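# Structural description and commentary
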Amino acid sequence: TPECPEPPPCVQPQCKAGEKCPKVKCPPPPPCPEPYILDVARANAGQPWCVSPKELKAYGGPIEVRCEASGPGARKEGAPTGCWLLKQTSQDYSLTKDRSRISGPIKIPGLNAYDQSKVDPSVYVQDDPQNRGLSEAVAENFVINGSLEEPSVERLNSYTFFLTL
């Protein structure tokens, strides 16, 4: 799916001191080819950004949510932010730095169509290049350490509690 093209530059004319400058009418952006995507996430990566629970659930992840900076609805039980679960399960909430990390779909090797029908597809997907998602190890590393890199073998061996079907 193509992205929308950048709008053409809008150039302000050079005016002499004391001269009244005409208002510039910028050319409109070219139309977006159908179907198109508008990638606002790339432009705003790493910046605080307010989204509704519906948008957050649709995005899926990976994403990190700062719970205390979120609205009260973000901390309600069952909210897609996971802040409520973080608060309930974290033995020392201060250690998590108040961050709920949502991995998004997790690719499970060997998950067949029968097993897939038993699990939530927004959580677990077949390990297939066409499926969006993280491997179990990367998802676990992201939730625990905030890193989207493949964890080292030593680190993998230290994980004993996270993902179970």
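The text that follows walks through the structure, step by step, so that each part is easy to find. (Residues numbered from 1 in each chain as written. Predicted model: local features only at pLDDT ≥ 70, side-chain atom pairs only at ≥ 80, totals over all residues. Heavy atoms only, no water.)

So, about the sheet that holds strand β5 (residues 134–135). Backbone hydrogen bonds hold the strands of a sheet together, and the pairing may be parallel or antiparallel. Ordered in space as β4-β3-β5, the 3 strands form an open sheet in which the pairing is parallel. Both outer strands of the open sheet, β4 (124–126) and β5, are each paired with one neighbouring strand and no more. Relative to β4, strand β3 (residues 106–108) runs parallel, the two sharing 3 bridges. Residue pairing for β4: Ile 106 is matched across the bridge by Tyr 124. (Pairing = 2+ DSSP bridges. Helix = DSSP H or I, 4+ residues; strand = E, 2+ residues; numbered from the N terminus.)

What follows is about the pattern of salt bridges. Counted according to the given criterion, the structure contains 2 salt bridges. The salt bridge partner of Glu 64 is Arg 101, with a shortest N-O separation of 2.7 Å. Here Arg 101 lies in strand β2 (residues 99–102) and Glu 64 lies in strand β1 (residues 63–66), a separation of 37 residues in the sequence. For Arg 101, a relative accessible area of 22% translates into the label partly exposed. (Salt bridge = Lys/Arg side-chain N within 4 Å of Asp/Glu carboxyl O. Buried < 20%, exposed > 50% of the residue type's maximum accessible area, 1.4 Å probe, protein only.)

When you line up the elements, Asn 141 lands in helix α5 (residues 136–145). Owing to a relative accessible area of 4%, Asn 141 belongs among the buried residues under this scheme. In terms of polar contacts, Asn 141 uses its side chain to reach the backbone carbonyl oxygen of Glu 149, at 2.9 Å. (Polar contact = N/O pair within 3.5 Å; in protein donor to acceptor, adjacent residues only side chain to side chain.)

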